[in-house]
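So you can see what is in the structure, the chains are spelled out below.
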Amino acid sequence: MTMKYFAMIGGRQYGPMSLDDMPKEGVRPDTYVWCKGMDDWMQASDVPDICRYFRQRLSGTLPSQISSGYVDSNRKKALAEEEQEQLLNQLPPMAREYVRRSGIKLSKENFRQDHPQFPKALPIILYIICLIIIVIGFLLR
């Protein structure tokens, strides 16, 4: 009987999955995994069976079962949720809660910098104006 593993990817739990399913689901050496008989979640690189499987796979003794451009739909969903969380973290805390409750999906276009920026020379111009006012103040005494 093959072991069935669960993995934490993008803050969500996936599984059960076999060793052969792990690459398709996006399991990496630093991904936390768990299976029946384990006391707690461990990084995949610390689980002997998983480590051995990936080592054999890298050495070419196991055929690759994923095409070069293939990404599982669960993995795509996890990546999209991770991107949403990163975009939400750019908002002020009160706005984050509002957006979460509203169900609005953010995109990178929402964060474009369309508003005009201060010219880089503005502090220098203000400094010169202040100096002129001070000099005029001394001259008028």
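In the block above lies the structure referred to throughout.
Residues numbered from 1 in each chain as written. Predicted model: local features only at pLDDT ≥ 70, side-chain atom pairs only at ≥ 80, totals over all residues. Heavy atoms only, no water.

**Thoughts on the pairing of strand β3 (residues 32–35)**
Stage number 1. Where burial is concerned, the two faces of β3 differ: the one with V33 and C35 is buried and the one with Y32 and W34 is not.
Stage number 2. Pairing analysis gives four bridges linking strand β1 (residues 5–9) to β3, with the strands arranged antiparallel. Across the sheet, Y5 pairs through a bridge with C35, a residue of β3.
Stage number 3. Where β3 lies against strand β4 (residues 42–43), two bridges are found, and the strand directions are antiparallel. By the bridge assignment, V33 is partnered in β4 with M42.
Stage number 4. Joining the antiparallel neighbours β3 and β4 is a turn of six residues, in which G37 adopts a positive phi near 100 degrees. (Buried < 20%, exposed > 50% of the residue type's maximum accessible area, 1.4 Å probe, protein only. Helix = DSSP H or I, 4+ residues; strand = E, 2+ residues; numbered from the N terminus. Pairing = 2+ DSSP bridges.)

**Points about a nonpolar patch on the surface**
Stage number 1. A contiguous nonpolar patch, built from I124, Y127, I128, L131, I132, I134, I136, F138 and L140 and spanning about 960 Å² of accessible area, is present on the exposed surface.
Stage number 2. Within the fold, I124 resides in helix α5 (residues 122–139).
Stage number 3. A residue is classified by how much of its surface remains accessible, and I124, at 54% relative accessible area, is exposed. (Patch = residues over 30% accessible without salt bridge, like charges linked within 9 Å, V, L, I, M, F, W, Y side chains within 5 Å. Areas by Shrake-Rupley, 256 points an atom, 1.4 Å probe, with all protein chains shown as cover. Salt bridge = Lys/Arg side-chain N within 4 Å of Asp/Glu carboxyl O.)

**Side note on the nonpolar core**
Stage number 1. In terms of nonpolar packing, the biggest core is built from 14 residues, with Y5, M17, M22, V27, V33 and I50 touching the most fellow members.
Stage number 2. The set of elements that each furnish at least two residues to this core consists of β1, β2 (12–17) and β3.
Stage number 3. Top element by residues in this core is β1. It accounts for three residues.
Stage number 4. In this structure, V27 is in contact with A7, I9, M17, M22, V33, A44 and F54, ignoring residues within four places of it in sequence. (Core = buried A, V, L, I, M, F, W, Y, C linked by side-chain atoms within 4.5 Å. Contact = heavy atoms within 4.5 Å.)

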